[in-house]
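Here is what each chain is made of, one letter per residue.
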Amino acid sequence: MQTSITNSTRYGWGAIILHWLIALIFIGQFGLGFVMVRLTSQRTAFELIQLHKSFGFLLLGLVVLRVAWRLGNATPPLPRSVGTLERRAAPLVHFALYAFQLALPLSGWALVSVSMLEIPSLPFNLFVMPNLPLAESDGAESFWAAAHWYLGYAGMALVALHVAAALRHHFQLRDGVLTRMITPSSDPE
C-alpha cells in the first residue's frame, strides 16, 4: 500500500488530517456554543465563551489552510458508480461547507468586535486577538449574534447532510467514497 501527503485516487494525509480535525472542532464548537449560553454560572460561561472563541479562531485558520490545500491539490475522482445528480451536488455541498466554516467564525469574530461589552478575545490565553474594524453598537451586536446563531444551525444541517451522504455511500452503495477520506491508500478502488 502506497500512501501520500497529497491526493491521488483518494485523499492524501494532508486533506484527511485537516478534514477530520476541522470536523471535530466544528461539531465540538456547536456543542460548546449550545452549552455555554445556557449556563447559570457567569464565571463558567465566561471561561467557555473564551474557549469557544479560541477554537473559533483555530477553526478559521484551519479552514483557510484546508481551502488552500484543496486549491493546490486535485480532488480525487468519484467512482464511476456515482450518478449525475450526485456528481453535480457534491461540489456545491463542499463549497457550502467551506463557506459556512469560514462565515461562522468570521461572524463570531464580528460579534465580539462590535460588542458594547468590549471583552477582549484571548485565544488559548496566548495573546489578545484584535477586533475587526467594525463600529460597536447594540444593533450591530444583535445582528451579528443572530447571524452567528443562524449560520451555526445551518452549518450543522449541512454537516448532517454530508455525514448522511457519506454513510449512504459506505453502507448502501459500498462505493469507497467514505474510505478514501479515511486512508490515503492509492491502491485501485
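Going by the structure above, here's the rest.
Student: It is not clear to me how the overall build of the protein should be interpreted in this structure. Could you clarify?
Tutor: Regarding its fold elements, the protein presents four helices and zero strands. Secondary structure of the protein in N-to-C order comes out as α-α-α-α. Along the longest, intermediate and shortest principal axes, the C-alpha atoms of the protein span 55 × 30 × 30 Å. Going through the 189 residues of the protein one by one, you find that 37% of them count as buried. Sequence separation of 24 or more characterises 73% of the internal contacts of the protein that already satisfy a separation of 6 or more. For the protein, the accessible area works out to roughly 11,200 Å², and carbon and sulfur atoms hold 71% of it. Each charge sign in the protein was given a centre, from 12 positive and 9 negative side chains, and these centres are 14 Å apart.

Student: In this structure, what is going on with the nonpolar core? I would like to understand it.
Tutor: As a rule of thumb, soluble globular proteins bury nonpolar side chains together. Ranked by internal contacts, the top residues of the largest apolar core, which has 13 residues, are Ile 22, Phe 26, Leu 59 and Leu 62. Residue assignment for this core shows that the elements contributing at least two residues are helix H1 (13-36), helix H2 (42-72), helix H3 (84-114) and helix H4 (138-173). Per-element accounting of this core gives the leading share, four residues, to H1. With residues near it in sequence (within four places) discarded, Leu 62 still touches Leu 18, Leu 21, Ile 22 and Ile 25. Leu 60, Trp 109, Val 112 and Met 129 belong to the second-largest nonpolar core, a separate cluster that totals five residues.

Student: For this particular structure, what's the right way to read the packing of aromatic side chains?
Tutor: For any pair of aromatic rings, the description consists of the separation of the ring centres together with the inter-plane angle of the planes. Across all of its chains, the model carries six aromatic pairs by this definition. Aromatic side chains Phe 57 and Trp 109 sit 5.3 Å apart centroid to centroid with 90° between the ring planes, which places their arrangement in the edge-to-face category. Of the two residues, Phe 57 sits in helix H2 while Trp 109 sits in helix H3, which places them 52 residues apart along the sequence. Relative accessible area serves as the criterion here: at 16%, Trp 109 is assigned to the buried category. Between the aromatic rings of Trp 149 and Tyr 153, the centroid separation amounts to 4.5 Å while the plane-to-plane angle is 45°, which identifies the pairing as tilted. Highlighted residues: Trp 149 and Tyr 153, both in helix H4, separated by four residues, approximately one helical turn.

Student: Explain the pattern of salt bridges here, please?
Tutor: It is possible for side chains of opposite charge to pair when their charged atoms get near one another. For the structure on display, the rule yields two salt bridges. Here Glu 47 ties to Arg 43 by a salt bridge, and the two come within 3.5 Å at their closest N and O atoms. Of this pair, Glu 47 and Arg 43 are both found in helix H2, four residues apart, which corresponds to roughly one turn of the helix. Residues Arg 168 and Glu 86 are paired through a salt bridge, measuring 2.8 Å at the closest nitrogen-oxygen approach. Pair noted here: Arg 168 is in helix H4 and Glu 86 is in helix H3, with a separation of 82 residues, a long-range link. Residue Arg 168 is classed as partly exposed on the basis of its relative accessible area, which comes to 34%. Given a relative accessible area of 25%, Glu 86 falls into the partly exposed group.

About the criteria used
- Residues numbered from 1 in each chain as written.
- Predicted model: local features only at pLDDT ≥ 70, side-chain atom pairs only at ≥ 80, totals over all residues.
- Heavy atoms only, no water.
- Helix = DSSP H or I, 4+ residues; strand = E, 2+ residues; numbered from the N terminus.
- Buried < 20%, exposed > 50% of the residue type's maximum accessible area, 1.4 Å probe, protein only.
- Contact = heavy atoms within 4.5 Å.
- Areas by Shrake-Rupley, 256 points an atom, 1.4 Å probe, with all protein chains shown as cover.
- Lys, Arg positive; Asp, Glu negative; His and termini not counted.
- Charge placed at Lys NZ, Arg CZ, Asp CG, Glu CD.
- Core = buried A, V, L, I, M, F, W, Y, C linked by side-chain atoms within 4.5 Å.
- Phe/Tyr/Trp six-rings, centres within 6.5 Å; stacked < 30°, edge-to-face > 60°.
- Salt bridge = Lys/Arg side-chain N within 4 Å of Asp/Glu carboxyl O.

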